[in-house]
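# Results of the structural survey
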Amino acid sequence: MVCVDKFYSSRDDAGEREIYAALRDRLSFDDKQRFDEATDLADGIKFNASKLSCVNGLDLEMAAETLTEQEHLFDIIISSSRD
């Protein structure tokens, strides 16, 4: 999975970790295993780069040109833009 974000915003690491932990708690056993393969919450938030990568500073138009064909087959796009 590739996450693309045009802007990198400051984050509350502790609060963000709590959100990830709460989301994980709601998952089924199998989904928790998949989550744990991609995300380590033991000491902050660490992503397994072979499962999940985050690209900041890249808008969707540039993503289509920059990412490999495999990387730009998106299942979902969420925007929280306030413009």
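So, here is what we can say about the structure in this document. The model shown is predicted, which means the values in this text are computed figures rather than measured ones.

Per the secondary structure count, the protein chain includes three helices and four strands. For the protein chain, the α and β elements follow one another from N to C terminus as β-α-α-β-β-β-α. In the protein chain, of all internal contacts separated by at least 6 residues, the share reaching a separation of at least 24 is 57%. Per element, the accessible surface of the protein chain, about 6,900 Å² overall, is 50% carbon and sulfur.

Looking now at the side chain of Thr 39. With respect to the element layout, Thr 39 can be found in strand S2 (residues 39–40). Discounting residues that sit within four places of it in the chain, Thr 39 has contacts with Ile 45, Lys 46 and Phe 47.

What counts, and where the lines are drawn
- As a convention, each chain's residues are numbered from 1 in the sequence order in which they are written.
- Per-residue local features are limited, in this predicted model, to residues with pLDDT of at least 70; the limit for side-chain atom pairs, both in listing and counting, is 80 or more; totals at the level of whole chains, interfaces and linings are taken over all residues.
- Computation of side-chain values covers all heavy atoms of the structure but excludes hydrogens and water.
- Only runs of H or I of at least four residues qualify as helices and only runs of E of at least two qualify as strands under DSSP, and these elements are numbered from the N terminus.
- The contact rule is simple, with two residues in contact once any of their heavy atoms fall within 4.5 Å.
- Per-residue and other accessible areas were derived by the Shrake-Rupley procedure at a 1.4 Å probe size, with only the shown protein chains allowed to occlude residues.

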